[in-house]
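If you want the building blocks of each chain, they are given just below.
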Amino acid sequence: GDSVRVATYEGKGRVLLAEVDFEPGERILLEYPLIEVVEDSSQAYQELIRLKQAEQLEFSPIFYWAALSSLTPQQVASACVPWRAVPKETQVQALQLHMEDTSAPSDSVLRIVEALWNKDPPEALLLERLLQAWIYNSFDLSEDGKQAGVIFLASAMMSHSCAPNAAW
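What you are looking at is a predicted structure, and each value in this text was computed from that prediction instead of being measured. (Residues numbered from 1 in each chain as written. Predicted model: local features only at pLDDT ≥ 70, side-chain atom pairs only at ≥ 80, totals over all residues. Heavy atoms only, no water.)

*Asks:* Kindly report on the packing of helix α1 (residues 43-53) against helix α2 (residues 61-68), identifying the contributing residues and their values.
*Replies:* Remark: α1 packs on α2, axes separated minimally by 9 Å, with the N-to-C direction vectors making an angle of 140°. By crossing handedness, the relation of α1 to α2 is classed as right-handed. Each of Ala44, Tyr45, Leu48, Ile49 and Lys52 in α1 lies in contact with α2, whose residues at this interface are Pro61, Ile62, Tyr64, Trp65 and Leu68. Considering only residue class, the contact of α1 with α2 consists of nine nonpolar, no polar and one charged. (Axes fitted to C-alpha atoms, helices over the stretch in contact; angles between N-to-C directions. Helix = DSSP H or I, 4+ residues; strand = E, 2+ residues; numbered from the N terminus. Left-handed = near helix turned anticlockwise from the far one by under 90°. Contact = heavy atoms within 4.5 Å. Nonpolar A, V, L, I, M, F, W, Y, C, P; charged D, E, K, R; others polar.)

*Asks:* Account for the sheet that holds strand β4 (residues 139-140), naming residues and giving values.
*Replies:* Spatial strand order, β3-β5-β4: three strands in an open sheet with antiparallel pairing. Edge positions in the open sheet fall to β3 (35-38) and β4, since each of these has one partner strand only. The sheet contact formed by β3 and strand β5 (residues 148-151) spans four bridges and is antiparallel. The partner of Ile35 across the bridge, within β5, is Ile151. With respect to the sheet, helix α6 (residues 124-137) is in contact with β3, β4 and β5, its orientation differing from that of β5 by roughly 95°. (Pairing = 2+ DSSP bridges.)

Here's what the structure looks like:
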């Protein structure tokens, strides 16, 4: 409906703004995940765990797995052992979310590209940008000791507060 709209703000990117006042308990938004990831036993995820144990990754393996899982089938096809990928349109939407400006891939991302591709890897800077999209916009769905995360496109654009007036 017309109760929320998307706007662009300097330093924040695209944000979701309320156009009306909401009553306590009123549903503001219902949406399905753009991308969801869960740790698994795949060879690629196990390599991320190995790299983390060797102190070669800055963040938790689930963030890198999420970035890798946000690549397209064409970008994953030449990996040592391909994994589930997303349509190009989904990747484009994830890249429209807020993230830090980055002009070069991190050492962690470069190590992952080297470990998972023998030839024709995706652009490392693209993988870095996908990683940043997950770091800044994902929601933790981990439970029972299994790491998981999700990006909701509209929810990721909602302003966050230490004293929220809305509940997820």
